[in-house]
Amino acid sequence: MDAFLVERILSDDGRSLLDSLPSYDPASVMALTTRLRAQGHDPELVSAVLTQSALRHRAVEKFGPDAARMFFTPDGLEQATRPRIADGHAARFAAAGVNHVYDLGCGIGSDARAFARAGLAVHAFDLDPATAAIARANLPGGTTVSVEDVTTADVPSHVGVWLDPARRTSGVADITGRTRRTFRLEDLLPSWNFVTALGASGRAVGAKLSPSFPRSALPDGASAQWTSLGGEVLECCVWFGPVADDSRFTARVLTATDDVVIRSEHIAAETDSVDGLAAFLYEADRAVVRAGVTGALADAVDGTELAPGLGHVTGDVRVDVPYARRYRVRQAVPFNIKNLRAWLRSNDIGRVTVKKRGVRFDDARFVRDLKLKGDASALILVTRLAQSQIVLVLEPDDSDEPDPRP
Ligand SMILES: C[S@@+](CC[C@H](N)C(=O)[O-])C[C@H]1O[C@@H](n2cnc3c(N)ncnc32)[C@H](O)[C@@H]1O
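Please read these numbers as outputs of a predicted model, since none were measured by experiment. (Residues numbered from 1 in each chain as written. Predicted model: local features only at pLDDT ≥ 70, side-chain atom pairs only at ≥ 80, totals over all residues. Heavy atoms only, no water.)

(A) Expanded view of the overall build of the protein. Each helix and strand counted, the protein has 13 helices and 18 strands in total. Looking at the protein residue by residue over its 406 residues, the buried ones come to 49%. Restricting to contacts in the protein with at least 6 residues of sequence separation, those with at least 24 account for 66%. Just so you have it, the protein exposes about 19,100 Å², and 49% of that area is on carbon and sulfur atoms. Counting 47 positive and 53 negative side-chain charges, the protein places the averaged centre of each group 6 Å from the other. (Helix = DSSP H or I, 4+ residues; strand = E, 2+ residues; numbered from the N terminus. Buried < 20%, exposed > 50% of the residue type's maximum accessible area, 1.4 Å probe, protein only. Contact = heavy atoms within 4.5 Å. Areas by Shrake-Rupley, 256 points an atom, 1.4 Å probe, with all protein chains shown as cover. Lys, Arg positive; Asp, Glu negative; His and termini not counted. Charge placed at Lys NZ, Arg CZ, Asp CG, Glu CD.)

Structural data, given as structure tokens:
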């Protein structure tokens, strides 16, 4: 987005034109454009405020009612941290006694807003003048936002540092026409070396990275936390110095009702035979799997893992675990189409939903080969049991019967 145009949107005229628009409705954009131009508004400004109105509409999903007062760029909105997660970043700095944070690459300012909400002083930076102007508009008055390349900025040793490096290769579009996201550490801007050098300086440093961050890349003395929201893993944050955890790897799972941190490097016992499968199958949230803390689930349900680190735990006890889904195991068979087909036929199952984890195969062909017939439906999970592939027929178990443990 062009910095000059952003300044016009943020001017008194631009803001009042934007605020005068009706709720965004894609079907009425053409008519609205014609009407605003006929009223004498500059076509370029009309187009810019209508784009802003569309972005605000899209941003409601992420920012709720605040979206109606915020400003966005398309990339900035997509890269912005969700406020509930950003509040967690801010809380970590605050808990470590940090009261001033430099946000080195602030985008439209979602993390920086959370730092300000937590009462921290913020100095935000962005290389891109248009993005920085938008961040300035989104941040409370008095927050400093500098247009500067942070790799040459002067970062005092007493401040906390936040980085959310851009993960895009600019100018490379994917099949949807959007700028392609990259997940390689070496493609980060500012670079991974820059992040780790700051981390090694002893400051309180946090960096938001892709969930695909490999555990093996974590520098000594740092900790990594994978966060999921509503079942989707959205980020891995690496923390250094006073904001690092004692546990190297943790997961934070946010649901509609819970916010839990799972820490365990305990490797759970494994089951090695289909016959060893208990009444329930627990499926860990993917953040737990990414963090390698699936042993915590096995401990919580007093169960055993099907294959190390995969996040499938079998147990006989019904426990509600906020970071796992629980299923009843209706049937467990080795991965053998013929036997599975016979079982599905005998149970009148004509429709299946297939889930898989830790295995690779062609789902469409698998379903075709089952030659389904019948009126009932079933949930099928193809997963690993020790070294082999197995198929479980599952039923979500959301009932709240009391824990049968004495
Ligand atoms: C992923 S976005 C930050 C999103 C932000 N945390 C939020 O929640 O809204 C990364 C930003 O870093 C900026 N950036 C990348 N390299 C930079 C550099 N060397 N100096 C300053 N800013 C940089 C990009 O322009 C981009 O706006």
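Next comes the rest of the description.
(B) Here's a closer look at the packing of aromatic side chains. Counted under the stated rule, the structure contains 12 aromatic pairs. Judged by centre distance (5.6 Å) and plane angle (20 degrees), the ring pair of F335 and F366 falls under stacked. Note that F335 is positioned in the loop between β15 (324-334) and α12 (337-346) and F366 in helix α13 (residues 363-369), a separation of 31 residues in sequence. With a centroid separation of 5.2 Å and an interplanar angle of 65 degrees, the aromatic rings of F361 and F366 are classed as edge-to-face. Residues F361 and F366 agree in their burial class; the two are buried. Over the aromatic face of F249 sits the side chain of R215, whose NZ or CZ is 6.0 Å from the ring centroid. (Phe/Tyr/Trp six-rings, centres within 6.5 Å; stacked < 30°, edge-to-face > 60°. Lys NZ or Arg CZ within 6 Å of the ring centre and 35° of its normal.)

(C) Representation of the nonpolar core. Counting 48 residues, the largest nonpolar core has L104, L163, F213, W226, V238 and L297 as its most contacted members. Within the second largest apolar cluster, 27 residues are counted, among which are L10, L36, F72 and I108. (Core = buried A, V, L, I, M, F, W, Y, C linked by side-chain atoms within 4.5 Å.)

(D) Representation of the pattern of salt bridges in the model. Inspection of every chain in the model, using the stated rule, returns 19 salt bridges. A salt bridge links K208 to D164, with the shortest nitrogen-to-oxygen separation between them at 3.2 Å. Taken together, the residues K208 in strand β7 (residues 205-209) and D164 in the loop between β4 (160-163) and β5 (168-173) connect sequence positions 44 residues apart. The same class applies to K208 and to D164, which are both buried. (Salt bridge = Lys/Arg side-chain N within 4 Å of Asp/Glu carboxyl O.)

(E) Just the side chain of D126, in detail. In this structure, D126 sits in strand β2 (residues 121-126). We note that D126 is buried and unpaired, the nearest opposite charge coming from R136 at a distance of 10 Å. Within the structure, D126 has its side chain in polar contact with the backbone nitrogen of G107 (distance 2.9 Å). When sequence neighbours within four positions are dropped, the list of residues in contact with D126 reads G105, C106, G107, T131, A132, S146, V147 and E148. (Polar contact = N/O pair within 3.5 Å; in protein donor to acceptor, adjacent residues only side chain to side chain.)

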